[in-house]
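Residues per chain, in single letters:
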Amino acid sequence: MVTSSEMVISSEMENGLKQESQEKKKGGFITMPFIIANEAFEKVASYGLLSNMILYLIKDYRMGLAQGQNILFLWSAATNFLPIVGALVADSYLGRYLTIAIGSIFSFLGISILWLTAMIPQAKPGPCDPRTQNCESTSSLQYLVLISSFALMSIGAGGVRPCSLAFGADQIDNKDNPMNKRMLERFFGWYYAAAAVAVVIAFTGIVYIQDHLGWKVGFGIPALLMFLSAAFFLIASSFYIRAKVKRNLFSSFVQVIVVVYKHRRMTLPSPDSSITWYTLKDSERHVPTDKLRFMNKACIVKNPEDIGPDGVALNPWNLCTVDQVEELKTLIRVLPLWSTAIMMSVNMSQGSFGLLQAKSMDRRLIGSFEIPAGSFSMFTIGTIVIWVLLYDRVLLPLASKIRGKQVQFGVKERMGMGLFCSFMAMVVSAIVEHVRRTKAIEQGFRDNPSGVLNMSAYWLVPQHVLSGLAEALNSIGQTEFYYSEFPKSMSSIASAMFGLGMAFANLLASAILSTVDNVTSKGGKESWTSSNINRGHFESYYWLLVILSAVNIIYYLVCSWAYGPCVEQRNGFRVDDKKGSASSEEELLPMK
């Protein structure tokens, strides 16, 4: 006879099996078009707005170049920093699905508000009086509406960008499937291809529409695309696998810091003494390293009573595992090398100045067809893509054949080469701007920054190519370095390090620009970064960046020497062989 308790257990088992069966039916490649479309449309919308935004701020909001560029720097800083917050929120509280959904809605609201500033005349300063040439200034409310649109878009990017790739992988990552690795490779390939195509469309199609059809259409199309991005993602909600929220690493870091502080007066025993280190069964390490040795105090077991019968510390704020300590050590050790890339990102964020330069030069390509000034960034993106395609398939095999042995460039070597290319990009930028400004004055355009001088805009291509090489070498090297040095448990932090550097770079670029503008405009002088680029001295501004970049290269050499050999040098193999290539176009296409 079946008891009631047995019936309950049987019912629970049946429900569990049904739920498991339903989970197995979810996910798979049927969800890929919706996830990839969400990411691609978001990229087209956001990147398409950024290229020409300085022109919108100068012309429609009557901002000075320095003021407008500082707003863009802060917008980019927020857009690069908030994905870290988004990753923390997704991993600790909301989960990836809900974070992406909320982020998509925020992005749509932000772009819609920006579109409304172009549609509603009262949202911007009115036209200047043609008789008196008096122009109405931008009101506080108008500023508030504009900044709120930027803030909403940054919040949206913080939700979509850190979670989209991982959420897509959740749908097809099945360790029991023998084709699992191939399925992930196919997904990553389609994902990165869609991201690259999205950026190309943004820098060409959207920019062209803004130049020829105006802001109403130029902002309206990104708003429509962002609506489609959110709609595509939400339509497939019932098909998604939603991974459970896990504990976040950041709380672990805080615990280590607290325990090290509590045990600061503890004397570390000698290495040959009998020490009990606190580890779990699945720990990657059982003995801490000698690097930053004072932190080892956090994982010394002083009293066996501190550990419960299940092997877990009764109070994690009094005792940390060896893995926890080593994770924080690794993060602290890479920070100096991470900081060396900030100056390169400062150089990469000077796109608005290049836009004004290109706008003042002859951009004809074939006949009367002109490349939009905002599309010159495509030479940077194109260089990155070409380098990614040629490096492993052509350059390394050719160099190995010539030398008669396997040739490889380590991650730190590539990072250093990238910094040098960035330095050279600023040198070329300064020289080209000196020539451009000299010709503009000679041709009578000193007081006419809108005039197009008789000089091809394609003189700007070399600096874009050098910038692309810099980003390809340093960015890929950075990402591989983080993935190789960090333990597997810190992969999410490894992927966020590059974006965090971009955020700091945007803030530093804003500080440099504000200082230069304030110092050089004293006494009624024309600022180096004047809105009239023919009266300003952008070449001097570029030379300042050259000096800072040279100092940064020396700083990098010191940090690289102090860090010592990295994992690939210690183990004698490449990162690709260990964990798979960490390079991704997602890391190479940050918001500048």
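Residues numbered from 1 in each chain as written. Predicted model: local features only at pLDDT ≥ 70, side-chain atom pairs only at ≥ 80, totals over all residues. Heavy atoms only, no water.

- The name recorded for the protein in an unreviewed UniProt entry is Proton-dependent oligopeptide transporter, from Heracleum sosnowskyi.
- The record held by UniProt for the protein lists under Subcellular location (unreviewed entry) the comment "Membrane". (UniProt positions renumbered as here; feature names shortened; annotations may be inferred.)

## Considerations on the nonpolar core
Alright, step 1. Counting 108 residues, the largest nonpolar core has Met53, Leu114, Phe150, Phe481 and Phe486 as the members making the most contacts within it.
Alright, step 2. Tallying contributions element by element places helix α15 (residues 411-442) first for this core, with 12 residues.
Alright, step 3. Beyond its immediate chain neighbours, meaning those up to four positions away, Leu114 contacts Leu49, Met53, Tyr56, Leu146, Ser149, Phe150, Met153 and Phe219.
Alright, step 4. In this structure, Ala40, Ala101, Tyr191 and Tyr240 belong to the second largest nonpolar core, which totals 22 residues. (Core = buried A, V, L, I, M, F, W, Y, C linked by side-chain atoms within 4.5 Å. Buried < 20%, exposed > 50% of the residue type's maximum accessible area, 1.4 Å probe, protein only. Helix = DSSP H or I, 4+ residues; strand = E, 2+ residues; numbered from the N terminus. Contact = heavy atoms within 4.5 Å.)

## Focus: a nonpolar patch on the surface
Alright, step 1. Nonpolar side chains collect at one region of the surface, where Val385, Ile386, Leu389, Leu390, Val394 and Leu395 lie side by side and expose about 470 Å² of accessible area between them.
Alright, step 2. Looking at the secondary structure, you find Val394 in helix α14 (residues 378-403).
Alright, step 3. Residue classification places Val394 among the partly exposed residues on the basis of a relative accessible area of 38%. (Patch = residues over 30% accessible without salt bridge, like charges linked within 9 Å, V, L, I, M, F, W, Y side chains within 5 Å. Areas by Shrake-Rupley, 256 points an atom, 1.4 Å probe, with all protein chains shown as cover. Salt bridge = Lys/Arg side-chain N within 4 Å of Asp/Glu carboxyl O.)

## Considerations on helix α18 (residues 538-563)
Alright, step 1. For α18, with 26 residues, the first-to-last C-alpha span of 36 Å sits near the 38 Å given by 1.5 Å per residue.
Alright, step 2. Immediately beyond the C-terminal end of α18, within one or two residues, lies Gly564, with a positive phi of roughly 85°. (Expected span 1.5 Å × (residues − 1).)

## As for the pattern of salt bridges
Alright, step 1. A complete count under the given rule lists nine salt bridges for this structure.
Alright, step 2. The residue Lys43 makes a salt bridge to Glu39 at a minimum N-O spacing of 2.6 Å. One end of the pair, Lys43, and the other, Glu39, are both in helix α2 (residues 32-50), four residues apart, so they sit about a helical turn from each other. Summarising the burial analysis for this pair, Lys43 and Glu39 share the class buried.
Alright, step 3. For the salt bridge of Arg363 with Glu370, the shortest nitrogen-to-oxygen distance reads 3.8 Å.
Alright, step 4. Among the residues examined, Arg363 registers a relative accessible area of 10% and is labelled buried.

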